[in-house]
Amino acid sequence: MRGFAALALFLAVLASSALAEELVLPAHMSTSPTASVPNCAATTPGPSKTQFSVAVENTLSQLLDVDYSVFDNSTGTWREIGNLCIVPAGQTMQCPGTLETTLGGTGNGTFTSDMLRLTGRSDASPGNVYVETIPFSVQHFTGAREQALLSQKSGQDSALLAAKASCAARPQCCPAQTRGQIDEAEALLLNASAQLAACATTGMYSSLVSAESLLLNASSQMGNCTTAATPTPGVVATPAPSPSGSQTPTPSPAASPTPPPAATATPTPAPSGAGACPLAVLLLAAGALSFAASKN
């Protein structure tokens, strides 16, 4: 039974969906379908806004609840704004609203496109949706606030290129921490472009300030490293020429010490006359004794 009841409910929903239709909503512009606006709001964050009024006719027997959406140029999708008006049964009503255009970073130009979509629903026709899409001709231009942010971003883009070039030229002065600061600044500048496209000008300004701080720190660190590695020029003393290898320096004559005079032995004079006589006598005596012995 439960399975049968679920199947019956599913078929009922499917049948209701099949019967639902998208019908034309009787509506037309009461004001001019043209707009001349800056790409983003002139003084406040967010898209430019143009006031309009649409005449909506309710041919049904009950109230017609009308919502509206605007085309978001930055995303290429429809963005729902909210309720436009509630039209009494059998009446035509002037419904005022605000057209929002998001064209940050697109420069100056003119285009015509579907910009406003009205969607009506009523209990008199359950499941049916009444739709009308209205084109606008939009002339847009770069406002003063956007121009100031673009100029600031251009300066930071140049600072980023300079920092990356310095890092590549002297990698020894660009450690991981410094490279991280440069990469983070680059991501912030890319995010700033996306924020401008969405007319998030306050967020864009914050991203630019943060990127500027990171690039200043990175450049300062690399500059200090480069300065420390470069010797400071000064007065260099000229060294005295060293003698060439072929020249043998002539030693200055050293004073040869005079050796002390050798001690001279003073000969003892032999005794004159009497000294030689006793020796001769002894020799003669020895000879006589030897001769006598031989006789015996």
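The rules behind the values
- Residues numbered from 1 in each chain as written.
- Predicted model: local features only at pLDDT ≥ 70, side-chain atom pairs only at ≥ 80, totals over all residues.
- Heavy atoms only, no water.
- Salt bridge = Lys/Arg side-chain N within 4 Å of Asp/Glu carboxyl O.
- Helix = DSSP H or I, 4+ residues; strand = E, 2+ residues; numbered from the N terminus.
- Phe/Tyr/Trp six-rings, centres within 6.5 Å; stacked < 30°, edge-to-face > 60°.
- Buried < 20%, exposed > 50% of the residue type's maximum accessible area, 1.4 Å probe, protein only.
- Pairing = 2+ DSSP bridges.
- Axes fitted to C-alpha atoms, helices over the stretch in contact; angles between N-to-C directions.
- Disulfide = S-S within 2.5 Å.
- Expected span 1.5 Å × (residues − 1).
- Arc of directions from axis to C-beta.
- Parallel < 35°, antiparallel > 145°, perpendicular 65-115°, else oblique.
- Left-handed = near helix turned anticlockwise from the far one by under 90°.
- Contact = heavy atoms within 4.5 Å.
- Nonpolar A, V, L, I, M, F, W, Y, C, P; charged D, E, K, R; others polar.
- Polar contact = N/O pair within 3.5 Å; in protein donor to acceptor, adjacent residues only side chain to side chain.

Let us look at the pattern of salt bridges. Should the charged atoms of two oppositely charged side chains come close, the side chains can pair. The tally for this structure, following the rule as stated, stands at 4 salt bridges. Salt-bridge contacts for Asp157 lead to Lys153; the nearest nitrogen and oxygen are separated by 3.0 Å. Residue Asp157 and its partner Lys153 are both found in helix H2 (residues 144–169); the two are separated by 4 residues, about one turn of the helix. The shortest N-O distance in the salt bridge between Lys164 and Glu186 comes to 3.4 Å.

Turning to the packing of aromatic side chains, a few remarks are in order. Here the structure, examined in full by the defined rule, presents 3 aromatic pairs. Arranged with centres 6.4 Å apart and planes meeting at 70 degrees, the rings of Phe52 and Phe136 form a pair that is edge-to-face. Remark: Phe136 occurs in strand S9 (residues 129–141) and Phe52 occurs in strand S4 (residues 48–57); sequence separation between them is 84 residues. Note on Phe52: relative accessible area 4%, which makes it buried. Relative to Trp78, the ring of Phe71 has its centre 5.5 Å away and its plane inclined at 75 degrees; by these criteria the two rings are edge-to-face. Taken together, the ring pairs in this structure connect Phe52, Tyr68 and Phe136 into an aromatic cluster.

On to the sheet that holds strand S2 (residues 27–29). The strand order across the open sheet built from 3 strands is S2-S4-S7, with neighbouring strands paired in antiparallel fashion. Two strands bound the open sheet, and with one partner strand each, they are S2 and strand S7 (92–101). Along the sheet, successive strands turn relative to each other by an average axial angle of 30 degrees, direction set aside.

A few words now on the state of the cysteines. A full pass over the atoms with the stated rule returns 4 disulfides. Residue pairing for Cys40: its cysteine sulfur links by disulfide to Cys199, the two sulfurs lying 2.1 Å apart. Residues Cys40 and Cys199 are joined by a disulfide whose S-S torsion is about -80 degrees; by sign, that bridge is left-handed. Here Cys40, found in the loop between strand S3 (34–38) and S4, pairs with Cys199, found in the loop between helix H3 (176–197) and helix H4 (201–229); they are 159 residues apart in sequence, far enough to count as distant.

Next up on the list: H2. Given a rise of 1.5 Å per residue, 26 residues ought to cover 38 Å, and the 38 Å separating the end C-alpha atoms of H2 matches this to within 8%. Every buried residue belonging to H2 is among Glu146, Leu149, Lys153, Gln156, Leu160, Ala163 and Cys167, and all of these are buried.

Across its 22 residues, H3 extends 32 Å between first and last C-alpha, which sits within 8% of the 32 Å expected from 1.5 Å per residue. Three or more residues of H3 are buried, namely Thr178, Gln181, Ile182, Ala185, Leu188, Leu189, Ala192, Gln195 and Leu196. Seen end-on, H3 carries its buried residues on one side only, within an arc spanning 135 degrees. Turned more than 90 degrees from where H3 packs its buried face, Ala176 and Leu190 sit exposed. Where H3 ends, the next residue or the one after it, Cys199, has phi of about 60 degrees, a positive value.

Take the packing of H2 against H3 next. For the pair H2 and H3, the least separation of the axes is 10 Å and the interaxial angle reads 155 degrees. Taken together, H2 and H3 sit at an angle that is classed as roughly antiparallel. In this structure, the crossing between H2 and H3 has a hand that is left-handed. Contact residues: H2 offers Glu146, Leu150, Lys153, Gln156, Asp157, Leu160, Ala163, Lys164 and Cys167, while H3 offers Arg179, Ile182, Glu186, Leu189, Ser193 and Leu196. The class makeup of the residues in the contact of H2 with H3 is 7 nonpolar, 2 polar and 6 charged.

Moving on, we get to the environment of Phe71. Among the secondary structure elements, Phe71 is positioned in strand S5 (residues 64–72). C-alpha separation for the pair Phe71 and Leu116, spaced 45 residues apart in sequence, amounts to 6.6 Å.

With that out of the way, let us pick up the side chain of Ser53. With respect to the helices and strands, the residue Ser53 is situated in strand S4. Overall, the relative accessible area of 14% leaves Ser53 in the buried class. A distance of 3.3 Å separates polar atoms of two side chains, one belonging to Ser53 and the other to Gln94. In this structure, Ser53 is in contact with Met29, Ser30, Thr31, Gln94, Cys95 and Pro96, ignoring residues within four places of it in sequence.

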